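Tertiary structure, described
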Amino acid sequence: MYVYVYDDFLQDRRYERDIGLIETRLTDLGITGNVVRLAFFRDAQQVIGQEIRKGIKTIVAVGNDATLEKVLNAVEETRTVVGYIPVTPDNPFAELLGVPQGATACDILSARLVEDIDMGEVNGHRFLHEATMDGTGCVVSCDERFTLSVKRRAQFSYVNLSAELPDVGVVSPTDGKLTLVTRIARLSLFGKKQDVGKVHVANMRVYAPKQVTLQADGTKIVAQEFSFRTLPGRLRVITGRERKFVV
């Protein structure tokens, strides 16, 4: 049994044709199900949690990457399988998963290629994409095996999954590790430049010289010490064969 979670912006009349094509294709494939519509005054986690308690095994996010993130946050630790039908263009996560826009995504859903993907955690807060902070003067202990120390001005990103980044490439969410991306400023004859490095680790402890603000998928955490770890295979997601990461 499938439940389809429609984001609130799909109530706009300009999406009527797209939704009609999607629902027709779902009927043709024999994978129709109940529809739950999100709204500004309805808590997504509560609504989706009610469906999970009814015994629903597959929940499909219909909308955009933000819709998918709402669903993933709601199903975490339940082992519920999540599918995705992006209605709008320009969704990097859809590209990463190999899921096309519109009714064509229904065929990916029907094929049901399920992958377990990781989450990251920092100071007890979980994140799917990445956490970023000012890394100037920080010391990083990686898997208790080696230490990085940065004296120059730097930006740190702790990436769990990402579509292709110009200076990093694709970061896989199935390798059981986070990717620490360091961007360290330097001066050259041609102006300001950045030295970019990356390290793959499962656990990290970061010590800052003073309290700094870290952003993890939009959540702000203010601290002087940060503890990171990977939560392997925490989410189950339906992907396409054109997914951008290696499993």
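Scroll up to find the structure this text is about.
What counts as what
Residues numbered from 1 in each chain as written. Predicted model: local features only at pLDDT ≥ 70, side-chain atom pairs only at ≥ 80, totals over all residues. Heavy atoms only, no water. Buried < 20%, exposed > 50% of the residue type's maximum accessible area, 1.4 Å probe, protein only. Helix = DSSP H or I, 4+ residues; strand = E, 2+ residues; numbered from the N terminus. Contact = heavy atoms within 4.5 Å. Salt bridge = Lys/Arg side-chain N within 4 Å of Asp/Glu carboxyl O. Disulfide = S-S within 2.5 Å. Pairing = 2+ DSSP bridges. Core = buried A, V, L, I, M, F, W, Y, C linked by side-chain atoms within 4.5 Å. Polar contact = N/O pair within 3.5 Å; in protein donor to acceptor, adjacent residues only side chain to side chain.

**What to know about helix α2 (residues 44–53)**
Every buried residue belonging to α2 is among A44, V47, I48, G49, E51 and I52, and all of these are buried. Buried-residue contacts for α2 involve β1 (2–6), β2 (33–37), β3 (58–63) and α3 (65–75).

**Overview of the pattern of salt bridges**
This structure, assessed with the given rule, holds 17 salt bridges. Ionic pairing is found between E121 and R229, a salt bridge with its closest N-O pair at 2.6 Å. Residue E121 is located in strand β5 (residues 113–122), and its partner R229 is located in strand β16 (residues 219–239); the two are separated by 108 residues in the primary sequence. Here E121 falls in the buried class, since its relative accessible area comes to 11%. Ionic pairing is found between E225 and R205, a salt bridge with its closest N-O pair at 2.4 Å. Highlighted residues: E225 in strand β16 and R205 in strand β15 (residues 203–216), separated in sequence by 20 residues. Overall, E225 belongs to the partly exposed group, its relative accessible area being 36%. On the basis of relative accessible area, R205 is assigned to the partly exposed category, the value being 35%. The network of salt bridges with common partners includes E76, E77, E121, R126, R229 and R234.

**Brief notes about the state of the cysteines**
Scanning the entire structure with this criterion turns up zero disulfides. Unpaired in this structure, C142 has its nearest cysteine sulfur neighbour in C138, at a distance of 12 Å. Given the relative accessible area of 0%, C142 is considered buried.

**A short note on the pairing of strand β9 (residues 146–149)**
In the sheet, strand β8 (residues 139–142) pairs with β9 via four bridges, with the strands oriented antiparallel. Bridge assignment links V139 to a residue of β9, and that residue is S149. What sits between β8 and β9 in their antiparallel hairpin is a turn of three residues, with D143 showing a positive phi close to 55°.

**Concerning the pairing of β3**
Among the six residues that make up β3, six are buried, leaving the element largely enclosed by the rest of the structure. Of the two faces of β3, both are covered, the one formed by T58, V60 and V62 as well as the one formed by I59, A61 and G63. As judged from the five bridges shared by β1 and β3, these two strands associate in the parallel manner. Counterpart to Y2 in the pairing with β3 is T58. Note: β3 against strand β4 (residues 81–86), six bridges, orientation parallel.

**Examining the nonpolar core**
Grouped together as the largest cluster of nonpolar side chains are 49 residues, with contacts concentrated most on Y4, V62, I85, F93 and L109. What F93 contacts, discounting residues up to four positions off in sequence, is D65, L68, L72, I117, L128, H129 and L161. With 26 residues, the next largest nonpolar core counts V140, L180, F226 and F228 among its residues.

**A closer look at the side chain of T179**
Relative to the helices and strands, T179 is located in strand β13 (residues 178–188). Classification of T179 by relative accessible area gives buried; the value is 1%. In this structure the side chain of T179 is engaged in a polar contact, spanning 2.9 Å, whose partner is the side chain of H200. Residues contacting T179, with those up to four places away along its chain left out, are S157, Y158, V159, V171, K198, V199 and H200.

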